[in-house]
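If you want the building blocks of each chain, they are given just below.
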Amino acid sequence: HMAKYSKKVQVLLTEQQLKDLEEIALKNHKKLGTLVREAIEEYHLKKKKQQKIAEAVNRLLSLPEVPAPEDYQKWEAEYLEGKYSCR
């Protein structure tokens, strides 16, 4: 699915930067805006996402250990009964 881009950022470039970027965009059959977004995502936002993932993994790893049920089917039936029964 396509992301909905609704916020605008204005960036000033030198003539040469713009010329080079337009050349790259043309060569890769991409729009200039797409190139800029990809660069931002790759260079700045990827690190932030990786950091969030690492923090989530650390939180998971720090949870107390719970023993695996002896009989999974029995455990599942009890779990579902508890989850969907009207209290």
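1. Quick notes on the overall build of the protein chain
- Secondary structure summary: the protein chain contains three helices and zero strands in total.
- Taken over C-alpha atoms, the radius of gyration comes to 25 Å for the protein chain, far larger than the 12 Å a tight globule of 87 residues would show.
- With the principal axes as the frame, the protein chain shows a C-alpha extent of 70 × 30 × 25 Å.
- Residues counted as buried form 2% of the 87 residues belonging to the protein chain.
- When the accessible surface of the protein chain is totalled, it reaches about 9100 Å², and 59% of it is carbon and sulfur.
- Within the protein chain, the 14 negative side-chain charges are centred at a point lying 9 Å from the centre of the 17 positive side-chain charges.

2. Considering the pattern of salt bridges
- Throughout the structure, instances matching the rule amount to four salt bridges.
- For K46, the salt bridge is made with E42, and the minimal N-O distance between the two is 2.9 Å. Taken together, the positions of K46 and E42, both in helix α2 (residues 32-61) and four residues apart, correspond to about one turn of that helix.
- Of the residues examined, K46 reaches a relative accessible area of 37% and is grouped as partly exposed.

3. Digging into the packing of aromatic side chains
- Taken as a whole and assessed by the stated rule, the structure comprises two aromatic pairs.
- Each ring, one from W75 and one from Y79, has its centre 5.3 Å from the other, and the planes form 10 degrees; the classification is stacked. One end of the pair is W75 and the other is Y79, both in helix α3 (residues 72-84) and four residues apart, which spans about a single turn.
- For W75, a relative accessible area of 39% translates into the label partly exposed.

4. Considering a nonpolar patch on the surface
- A grouping of Y72, W75, Y79, L80 and Y84 is seen on the molecular surface, where their side chains present a nonpolar patch of about 560 Å² in accessible area.
- With respect to the secondary-structure elements, Y84 resides in helix α3.

5. Focus on helix α1 (residues 15-27)
- Under the 1.5 Å per step criterion, the end-to-end length of α1 is 18 Å for 13 residues, consistent within 8% with the ideal 18 Å.
- Positive backbone phi, approximately 55 degrees, marks H29, located one or two places after α1.

6. Quick look at the confidence of the model for the protein chain
- Here the protein chain averages 90 in pLDDT, while 95% of its residues score no lower than 70.
- Across the protein chain, the secondary-structure element scoring lowest on mean pLDDT is α3, at 86, and the one scoring highest is α1, at 97.

7. Describing the environment of V9
- As for its position among the elements, V9 is in the segment before α1.
- For V9 and A68, which are 59 residues apart along the polypeptide, the C-alpha to C-alpha distance reads 51 Å.

Procedures and definitions
Chains are numbered independently. Their residues run from 1 in the order of the written sequence. Note on the predicted model: pLDDT of at least 70 is required for a residue's local features to be given, and 80 or more for side-chain atom pairs to be given and counted; whole-chain, interface and lining totals, by contrast, use all residues. Note that the side-chain values use all heavy atoms of the structure and ignore hydrogens as well as water. Under the DSSP-based scheme used, a helix requires at least four consecutive residues in state H or I and a strand at least two consecutive residues in state E, with every element numbered from the N terminus. The globule rule used for comparison is 2.2 Å times the number of residues to the exponent 0.38, while the radius of gyration itself is calculated over C-alpha atoms. The buried label goes to any residue with under 20% of its type's maximum accessible area, the exposed label to any with over 50%, and the partly exposed label to all in between, with areas taken from a 1.4 Å probe on protein chains only. All accessible-area figures derive from a Shrake-Rupley calculation using a 1.4 Å probe, and residue coverage is judged against the displayed protein chains alone. For the purpose of charge, His is not counted, nor are the chain termini; Lys and Arg are scored as positive and Asp and Glu as negative. Here the site of a charge means atom NZ of a Lys, CZ of an Arg, CG of an Asp or CD of a Glu. The term salt bridge refers to a pairing of a side-chain nitrogen on Lys or Arg with a carboxyl oxygen on Asp or Glu at a separation within 4 Å. Only the six-membered ring of Trp is used, alongside the rings of Phe and Tyr, when aromatic pairs are assigned; centres must lie within 6.5 Å, and planes under 30 degrees apart are stacked while those over 60 apart are edge-to-face, with the rest tilted. Patch membership requires over 30% relative accessible area and the absence of a salt bridge. Like charges are linked within 9 Å, and nonpolar side chains (Val, Leu, Ile, Met, Phe, Trp, Tyr) within 5 Å. By definition here, a helix of n residues has an expected span of 1.5 Å times n minus one. Each residue carries a pLDDT value, the predictor's own confidence for that position, ranging from 0 to 100.

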